[in-house]
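Report on the structure
Residues per chain, in single letters:
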Amino acid sequence: MKCQGNFVFKSIEFVAAGKFDNNGKVIDYPASYRLCLDEVQPDGKIVDVKLKISESETNLVNQLRTLKSYEKISLECSVKFYSNGIRVVPEKVQKLDK
């Protein structure tokens, strides 16, 4: 399923691969990027949004790196349903006029 929303871009940062202990079981996670956004709700409330982007999505990451903090953007995402949760995956970004 696809969705699209308007946001205020804050930053994109690299997150190195690592591991953590989950009740004695070591879980490895791959490197990725964290996309930080603000969403202004219709009632004026500002919601902090953080989305994960795969390290392999170089075109999208490079586009996001050209943005300046607090630029308004439109972001198209796909919504993926899994048995243990839902994931929002950013796919396309477009700058919005001020």
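Before going into details, it helps to say that this report is about the structure given with it. Keep in mind it's a predicted model, so treat the numbers as computed, not measured.

Before going further, it helps to spend a moment on the nonpolar core. Membership of the largest hydrophobic core comes to 17 residues, with the highest contact counts inside it found for Phe9, Leu35, Leu37, Ile53, Leu64 and Leu75. Broken down by secondary-structure element, the contributors of at least two residues to this core are β1 (2–15), β4 (32–40), β5 (46–54), α1 (58–65) and β6 (72–82). Contact partners of leucine 75, with chain neighbours within four places excluded, come to Cys3, Gln4, Gly5, Phe7, Leu35, Leu37, Leu51, Pro90, Lys92 and Val93.

Before going further, it helps to spend a moment on the pattern of salt bridges. Applying the stated criterion across every chain, the model contains seven salt bridges. Of the charged contacts in the structure, one is a salt bridge between lysine 10 and aspartate 38, with a shortest N-O distance of 3.3 Å. Linking lysine 10 in strand β1 with aspartate 38 in strand β4, this pair joins segments that are 28 residues apart in sequence. Judged by relative accessible area, aspartate 38 falls into the buried class, the value being 14%. Across the pair aspartate 28 and lysine 19 runs a salt bridge whose closest N-O atoms are separated by 3.8 Å. Each member of the pair, aspartate 28 together with lysine 19, is exposed.

Cut-off values and rules
Residues numbered from 1 in each chain as written. Predicted model: local features only at pLDDT ≥ 70, side-chain atom pairs only at ≥ 80, totals over all residues. Heavy atoms only, no water. Core = buried A, V, L, I, M, F, W, Y, C linked by side-chain atoms within 4.5 Å. Buried < 20%, exposed > 50% of the residue type's maximum accessible area, 1.4 Å probe, protein only. Helix = DSSP H or I, 4+ residues; strand = E, 2+ residues; numbered from the N terminus. Contact = heavy atoms within 4.5 Å. Salt bridge = Lys/Arg side-chain N within 4 Å of Asp/Glu carboxyl O.

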